[in-house]
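Inside the fold
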Amino acid sequence: MEQGIEGKCKNTYQVSELPEYLIHEYEQGMIKLELCKGKKFYQVMKTRDITKCIERSTYISSKTHYKCLLGNCNGVNTKSSTTRYFGCGENIEALQLHGMINEGELQHNVLAFNTEPVVTGTKQVLKLVAITPVTTTIPEIVAPTNVIDLLFEFPKTANNFIPVGLDNLPKEEMKAKVIAKLTAIATELGELEHFGKKEIPSQLKSLKTVLAIFTTKDLKAVYTSIKAISVPAEIKLTMRTLFLEAVKMAGSSPCVMFLKEMIETEELTYTETFMAVTTLAHYIKTPTVELIDQIFELIKSPVVRKEPTLKTNAHLVFATLVRQACLATKVNEVFPEYVFGTKCSPDNKKISQVYIPHLVKELESATEAEKQTAVLALGTIGHEAVIPLLLPYIEGKVEGCTPAVRKMAIYSLVVVTKKYRNILLPVFSSLVHNPAEKRGIRLAAFSMLLNSQPSTVHIQKLAVSTWFEQDVEMHKFIFSSLKSLAHISLDQHPEGSYLKDLTIKAQTVLPLAKPIPGIISSTFNSFISGVLKNLHIGCQMHTAFSLGTASQFLYHKTEYFLKQVQTVPMEFAVHVDGLKFFADNLINSITGEYANYLEKIHPEWRQIVQNMEFSARKYDHFEAGIWARFTDDIQFVFGANFKSVDFIKEWILSSLQAPAKSLKKVCGKTPININHVFEEFAYQALVPSDLGFPILIESQATYLVSMKGEVDVMCSNPVPSIALKVTKKAAFTYNGYVGVVCPFTNKLLAAGINEHRAINIPIKTVVEIVPGTSSMKIVMKQIDEVTPTTTSIDLHHYHVKPFTAMKPLVFLDLTPIVLHKNTKVIKSKANMKTFQATIGQTFGLDMTYKVDTECDLYDTKALIDSLADYKYNPIIKGFFHFTDTAVKANGMPSARFHKYTVMHNPAKSTTKEAEINIMITLARKIRTQQPQIVIFSTKYVITTIELPKITKHEQSLHESILKLNSELSYAVNALVTAKLVGGLPKSYTYSITAGKGSSSLEHKWNLHLENVYGVVPLMKMCVEGGLKYPIVPNSDTNFKYFNHIGFGQTCDQYFVNFDGTTFVTDKQKQYSKISYESKQCEKLTIESQKISKLSRKYSQVAHQQQNACKAKKYQANTLDQAVIDITTSDVLPAYVYYYGKLVNFGLKALLFKYISAFPTYTHTDKVQVKFNFNQKLNTVTMYVKTPMDTMVYKNIRLPAEMKKILPLVAIKNPVEQTYKALTGSPLYAKCVIGQGYVQTFDKKTYSYQLDHCDHIVASDCSEEYNHAVLAKEVNGLKHITVYHGQTKISLKPTWKLELNGKEIAMVKNSVVYFKSVDQQHTYSAFWSLENFVILDTPFTRVTYTGKMVTVEEKSIIADGSHCGLCGDLNNDLRADIKSPKGCVYKSSSVAALTYRVKNAQCTLSQKQKQQIQSEEQKCMKYKIVKTHVSTLYQSWYKYNYSTMKHSYIYQAGKICISQKPVVQCLFGSIPKITTKKTIKFICLPEGRVSKLYAERIERGESLPELRHQPVAFESMMEQPISCGPPKL
């Protein structure tokens, strides 16, 4: 290592002897020949590697960048320095130097993706002129001043920060310039023309830079001046908001203190205070110990504490800040101490003695609604001391610790899962593998376990556990995680991805896991990773989701891996528990229905409920929360619980009781003036050049959103209307440059790249809604500021400009570098290409789209190449919108000049206003009744009256319903009238009528589109279609599909008809007889007959037999052939022929590899497409016959995910088949009562034989008891009773159907409909030719064959509120069959006896009574057995007071690691006996390698390879011999 201008870095010397003729090749006069007579000539080359330095003078400020200049570039040396020395001597030891040439170069990618780098070069030449003695006198230093840091000093007597070394700047002049700049920006934001050229984000960035050197006093003065300035109120408000936004972004200590004072004096609005607090951790630049104390005082201030949401979020922000500033591993890189002063460190006593106790106190005193956020704040601080504090909350031992709080306590540890992996991994593992733990807790622990860098053993254990997992949702979550990770290609992991290691392990263990069917399920955990190679960037997404149970949650995280930047732009989580509790309470509050539920059910069912002493299943209380994180460290969190339900109920009731009072709050005009500025990717570096003065590198992305105008809610009008006048502007600038300050002119010399996007939409919108007529009127017009002289409104502008500049420092002129008059665009060798097109003329708008670009080629191929960089996915391109650049001829991105603009000229546009009227009419027809029109009245009540035939749209509705001719028909008409108002007014009127009809066997639809005034050639289009499918097998098992399309001046002018039919071929029928499932059906049928129905094995065999025979039946009815005939009218428009041929040729190109023979020609006047599916091979052969040729595409491979979707099965509802194929679960939970066995909703199978007494098969066991299914068996045949509300339906083996004792006649192969007692509900029954009945009610669907009953429950959420022989329906096999009182029995068969209806005719045997009595006395309740993770933590520390671990320290740009592990006392323990030992240290320069070493040390790994490294130094250190707990 050798000291140099960059620091103490590694240098390599190479000595070469040169022949004399080479001496003058480099530089004339480099060696004085008269001094070298008879001597040898030498060249000494010195190369400096700045990535390997132990001390550095480079300054870098950034949070998300890798900091290449500090060695984190994976071996890439971005700065090179080469010095060649020339001299002569008799030998190398006697070398006399005569001259030297130094050349340095700095390459830097100023934008975070693959573009041309900015290169800065230096060259110095030094020649020997003469050899004379020199004497130098060192001046005496008078009155030296000690400065604790380079930028700011914190006086203990004042509450502001005073800049040091910047006193000579003309502050008063700078303040005046700041006011002038704010006035100019606010004025420009109100202007409409050339918004893109104003570069307002760059101006705000310059303003932020200047404000960063202001003192708190200066900032107050500027704010006072803004309040006193004499300008229009709107401009003043804009100036104020922009000033506050710039102060937030500056993030200096004075700026933070200024915001603190503004908050404490309540000078800011609640929203402004909330945004200032939540963005504090993102923008702060100097988190010194003193400043953190000031922020701590802020979060304790009365202004913050009086608002619960603000208080909880302030604590979360403070915890985040303490973790980043005090506990982060690389604190010095994020906040350079040698520039900003001493930062907080892990040794700061206030963390454990002040900050953490305060957060603990806040948690203990938090209300139930605040506990979630308080727990999150405590965990976010990331200190080891919080782990034992959070464990009781994870266990649920603390009073008021709900499941939501327990989950939040687990998730709050995400920031330390890797750091304290050895402690937390056993905790998470024990939670996951505790089968008696609550599902939500296990899912949370599993997510954290994946974050803890688990070993292959842990992942393998998870995979194997799926075979024994009783909780179906947990099984889905684990398997989907492993499957998702294993299916990511290793080359699609960006560099630095933590998922890569998990992918390798998941690929290893996935074969050990029990698979789940389907593509996407109700609970899943998905990982997506991808790399855009040409752009050198990547992205990873993690999404977890659970729906369909009592607890729902959604989690998503997007992480960008850019070029030397890694950031999380978005991460959020939402969870809701007790949604049913919330909904029921809300509905009851609105309807006022709090009557006894038992009074609303049938008397017989009520008597059964009372006799059996049911214990109603309670719903979980409502709890909800949302947490979000943006750009790494901007977080906010909100929580709600059951008390929030009361607040919402009160608000709804008060709104309904006094709507005028509620509307009064929103009526009238409300001004809108929103100006939000945000920055990310901020990076600043000062790198010393070989010439001595620093090279400045700076880049930053700045966003601006501005909305100005007003919203006017006119409540006094008979018709409510809303007028929205708003100018919407948005801008984005990504700017980066490399430059130096010229020592001769004090001007900045720079080169860089400017990327800018701007959107400008000045429109006034008026919306009028008329509920009585179901109509809406929307008027859009230019805002009043658009005048006849307004000619250039750039609706969308985007450019990329490489530039050079020479300008004064921004502190002097406040002008951004891209707007200075001396800034010049760098031109490439490619010629400028211009493309321009006019758009919008059809609608009377004068708009132009203009492109100026230096792409090598600008044509369709170039556009496709640019999309290829994003894998032809517009969504991906939207995510990385900041990478839109010109492209080279080879398709690679380039930072050349590239600009496009959409310009609107209002002066030349004839259309000044657009008016859209939409009137929607809905009608319905139920079986034989007349069509009814549905009316939404002004009192928010839905009513129906008979549909008249007066207006044209009413006639259209009648025609639509008549054509459907279905049992249940709906039709909707939308009459849309669009008017363009201006010099050339135009009017467009469209009438769209759509209808949908259905019956048990058929679905129909129609669509009628009419262009009333015929502005375009297509005046009408009519569509009539239908799908008919069987639900029972018969000789004509097929689907029939038709879709007839008529269009033209009338619907009969042209037509295209699609007619499709599906068949079950003989080949398929034969296959169903010899398939594996067929053989299993026969085998298991014989086996089940041999086994006693009372044995345990019988239920398993019977269940397997049922599944095998069902699969055989489905195979026999699989529609393996489909034929679609396409016929047309004799004449069609030319464009139809064109697109038809295009589709034909495209199909040949797409399926080229499946063409089995040359095309043949067969005369035909139609198009026929035939599909032959091979279910075994999962392929399809397609025959396409057209008037041009006949093609055969053989054995087209279908995706594995399509195997269960295609081909369709005739006896399955196609919607239900598709749903099950996609999710792996049936649309409705299904329970089977067979001969001697029961399969529950949750797929648990047990032996039980029904007898002559009624048994409750399935019932709603909440406090409502609104429906139930009962069954009994007499002489081997079952009798069914269904209760729904006050209605009783009976179904007997004689195929007799009764409604409340009255027989309803059924006819084979037809559907019968009948009403409930209160006439509010409709039931249906279908009696098939094969003698089974399907009874359909609003809550259940019962399929009855005489010997077997299948009950399908239509509940959307499997919340465990059911009971009966079919179980509790919660997707969990644990304690599936509970008694009516909620007791869990050892035997499911004994538990089933408790659902045997009690009456005089139905009694139990003495043995059965004793069994039930014994279980009832114990009455084991299903309960959650909370995992005692504290014992794991305590036992770990009990036997692990000390550990052998490498010690490491940071020394000025290097990390020094003990050569061997040393004894260290763990947290919470102290040394008992100590000794002094000499410890050898190996030092490594900071960089990627040292970072990996530090991570390995934190994980407790040993580093044997260090024993072979050279020792940097030795130190005598005190070492503990033994450790133990501290004494009280």
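The rules behind each value
- Residues numbered from 1 in each chain as written.
- Predicted model: local features only at pLDDT ≥ 70, side-chain atom pairs only at ≥ 80, totals over all residues.
- Heavy atoms only, no water.
- Helix = DSSP H or I, 4+ residues; strand = E, 2+ residues; numbered from the N terminus.
- Buried < 20%, exposed > 50% of the residue type's maximum accessible area, 1.4 Å probe, protein only.
- Areas by Shrake-Rupley, 256 points an atom, 1.4 Å probe, with all protein chains shown as cover.
- Pairing = 2+ DSSP bridges.
- Axes fitted to C-alpha atoms, helices over the stretch in contact; angles between N-to-C directions.
- Left-handed = near helix turned anticlockwise from the far one by under 90°.
- Contact = heavy atoms within 4.5 Å.
- Nonpolar A, V, L, I, M, F, W, Y, C, P; charged D, E, K, R; others polar.
- Salt bridge = Lys/Arg side-chain N within 4 Å of Asp/Glu carboxyl O.
- 1 Å grid on protein atoms, 1.4 Å probe; cavity = no way out; pocket = protein on both sides within 12 Å on 5 of 7 lines; lining within 4 Å.
- Points joined across faces, edges and corners; volume = space filled by probe spheres on them.
- Parallel < 35°, antiparallel > 145°, perpendicular 65-115°, else oblique.
- Disulfide = S-S within 2.5 Å.
- Phe/Tyr/Trp six-rings, centres within 6.5 Å; stacked < 30°, edge-to-face > 60°.
- Lys NZ or Arg CZ within 6 Å of the ring centre and 35° of its normal.
- Expected span 1.5 Å × (residues − 1).
- Core = buried A, V, L, I, M, F, W, Y, C linked by side-chain atoms within 4.5 Å.
- Polar contact = N/O pair within 3.5 Å; in protein donor to acceptor, adjacent residues only side chain to side chain.
- pLDDT = per-residue confidence, 0-100.
- Arc of directions from axis to C-beta.

**Concerning the overall build of the protein**
Check the secondary structure of the protein and you find 39 helices and 61 strands. Expressed as a percentage of the 1528 residues in the protein, the buried residues total 49%. Roughly 71900 Å² of accessible area belongs to the protein as shown, and the carbon and sulfur atoms make up 59% of that amount.

**A look at the sheet that holds strand S41 (residues 1229-1233)**
Spatially, the 8 strands line up as an open sheet ordered S43-S42-S41-S54-S53-S52-S51-S50, and their pairing is antiparallel. In this open sheet, the two edge strands, each paired with only one partner strand, are strand S43 (1245-1247) and strand S50 (1310-1315). Within this sheet the neighbouring strands show an average axis-to-axis angle of 15 degrees, counted without direction. Where S50 and strand S51 (residues 1322-1327) come together, 6 bridges link them in antiparallel fashion. From the neighbouring strand, phenylalanine 1314 faces S51, where its bridge partner is tyrosine 1323.

**Some points on the packing of helix H3 (residues 200-211) against helix H5 (residues 233-250)**
Closest axis-to-axis distance for the H3/H5 pair is 8 Å, and the angle between their directions is 65 degrees. The way H3 lies across H5 gives a crossing that is right-handed. For the pair formed by H3 and H5, the contact residues are Leu204, Leu207, Lys208 and Leu211 on the first element and Leu242, Phe243, Ala246, Val247, Met249 and Ala250 on the second. Here the contact of H3 with H5 is composed, by residue class, of 9 nonpolar, no polar and 1 charged.

**Details of the pattern of salt bridges**
Scanning the model with the defined rule gives 55 salt bridges in all. Among the ionic pairs, glutamate 698 bridges to lysine 205, the shortest N-O distance being 2.6 Å. Of the two residues, glutamate 698 is situated in strand S17 (residues 694-714) and lysine 205 in helix H3; the sequence distance between them amounts to 493 residues. As far as burial versus exposure is concerned, glutamate 698 and lysine 205 are alike and both buried. A network of salt bridges, in which partner residues are shared, links Lys171, Glu172, Lys175 and Asp218.

**Quick look at empty space enclosed by the protein**
Evaluation of the coordinates by the stated rule reveals 8 cavities of 30 Å³ or more. What the largest cavity holds in volume is close to 80 Å³. Around the largest cavity, the lining residues are Lys311, Thr312, His315, Leu359, Glu362, Ala366, Glu370, Thr373, Ala374 and Ala377. The set of elements that each furnish at least two residues to the lining of the largest cavity consists of helix H11 (308-327), helix H14 (349-365) and helix H15 (371-380). Here the lining of the largest cavity is built from residues that sort into 4 nonpolar, 3 polar and 3 charged. Put simply, the second largest cavity is a space of about 70 Å³. Lining of the second largest cavity is provided by Val256, Leu259, Lys260, Ile263, Ala276, Val277, Leu280, Ile295 and Leu298.

**Observations regarding the pairing of strand S48 (residues 1296-1299)**
In terms of strand pairing, strand S47 (residues 1287-1292) meets S48 through 4 bridges, oriented antiparallel. By the bridge assignment for S48, leucine 1291 is matched with leucine 1297. Taking the residues that link successive antiparallel strands as the turn, the S47-S48 hairpin has 3 residues, and the phi of tryptophan 1295 there is positive, at about 60 degrees. Between S48 and strand S49 (residues 1302-1304), which pair antiparallel in sequence order, lie 2 residues; one of them, asparagine 1300, sits at a positive phi of approximately 50 degrees.

**Points about the packing of helix H2 (residues 171-190) against helix H4 (residues 216-228)**
Contact pair H2 / H4: the axes reach a minimum separation of 10 Å and the direction vectors enclose 45 degrees. Comparing their axes, H4 and H2 come out oblique. The element H2 and its partner H4 pack so that their crossing is right-handed. Only Asp218, Ala221, Val222, Ser225 and Ile226 of H4 make contact with H2, whose side of the interface consists of Lys171, Lys175, Val178, Ile179 and Leu182. Residues belonging to the contact of H2 with H4 are distributed by class as follows: 6 nonpolar, 1 polar and 3 charged.

**Brief notes about the sheet that holds strand S45 (residues 1267-1274)**
Pairing in this open sheet of 7 strands is antiparallel, and the strands run S49-S48-S47-S46-S45-S44-S55 from one edge to the other. Two strands lie at the open edges of the sheet, namely S49 and strand S55 (1362-1363), each paired on one side alone.

**Quick look at the state of the cysteines**
What we call a disulfide is simply a covalent bond connecting the sulfur atoms of a pair of cysteines. By the definition in use, this model includes 8 disulfides. Put simply, cysteine 1231 and cysteine 1366 are joined by a disulfide, and their sulfur atoms are 1.9 Å apart. Given an S-S torsion of about -80 degrees, the disulfide between cysteine 1231 and cysteine 1366 has left-handed geometry. Residue cysteine 1231 is found in strand S41, and its partner cysteine 1366 is found in the loop between S55 and helix H36 (1388-1393); the two are separated by 135 residues along the sequence.

**Details of the packing of aromatic side chains**
In this structure the tally under the stated criterion is 38 aromatic pairs. Against the face of tyrosine 498 rests lysine 418, its NZ or CZ located 4.9 Å from the ring centre. The residue whose ring lies beneath lysine 1212 is tyrosine 1114, and the NZ or CZ to ring-centre distance is 4.2 Å.

**Structural notes on helix H18 (residues 421-432)**
In a regular helix each residue adds 1.5 Å, so 12 residues correspond to 16 Å; H18 covers 16 Å between its end C-alpha atoms and thus fits that length. The set of residues buried in H18 consists of Arg421, Ile423, Leu424, Leu425, Val427, Phe428, Ser429, Leu431 and Val432.

**Here's the deal with the nonpolar core**
If you look at the biggest cluster of nonpolar residues, it comprises 140 residues, and the most contacted ones within it are Val178, Leu211, Phe214, Phe243, Phe258 and Leu482. Counting residues per element, this core draws most heavily on H11, at 11 residues. In contact with phenylalanine 243, not counting residues within four places along its chain, are Leu182, Leu211, Leu219, Val222, Tyr223, Ile226 and Phe258.

**Thoughts on the environment of tyrosine 555**
Along the polypeptide, tyrosine 555 turns up in strand S12 (residues 551-562). Not counting residues up to four positions away in its chain, the partners in contact with tyrosine 555 are His542, Thr543, Ala544, Glu571, Phe572 and Ala573. A polar side-chain atom of tyrosine 555 sits 2.5 Å from a polar atom in the side chain of glutamate 571.

**Thoughts on the side chain of glutamine 492**
The residue glutamine 492 is located in the loop between helix H21 (472-486) and helix H22 (499-509) in this model. A relative accessible area of 17% means that glutamine 492 is categorised as buried. If near-sequence neighbours (up to four positions away) are discounted, glutamine 492 is found in contact with Ser529, Gly530, Val531 and Lys871.

**What to know about the pairing of strand S16 (residues 668-688)**
Bridge count between strand S4 (residues 59-62) and S16: 4 bridges; the pairing is antiparallel. The residue bridging isoleucine 60 from the neighbouring strand is alanine 685, located in S16. Linking S16 to S17, which pair antiparallel, is a turn of 5 residues; within it glycine 692 sits at a positive phi near 110 degrees.

**A look at the confidence of the model for the protein**
Overall, the predicted model of the protein reaches an average pLDDT of 84, with 90% of residues at or above 70. The low-confidence segment residues 148-166, where pLDDT is below 50, has 45 contacts with residues more than four positions distant or belonging to other chains. Note that pLDDT drops below 50 for residues 330-336; the model gives that stretch 30 contacts with residues more than four away or on any other chain.

**Some words on H4**
An α-helical turn contains 3.6 residues, so any two residues separated by three or four positions project in the same direction. Spanning 13 residues, H4 covers 19 Å between terminal C-alpha atoms, matching the ideal 18 Å at 1.5 Å per step. Turning to H4, its buried residues are Thr216, Asp218, Leu219, Val222, Tyr223 and Ile226. The buried residues of H4 occupy one face: seen down the axis, they fall within an arc of 160 degrees. Along H4, the residues that are exposed and aim more than 90 degrees away from the buried face are Lys217 and Ala228. As for H4, its buried residues are in contact with H2, H3, H5 and helix H6 (253-264).

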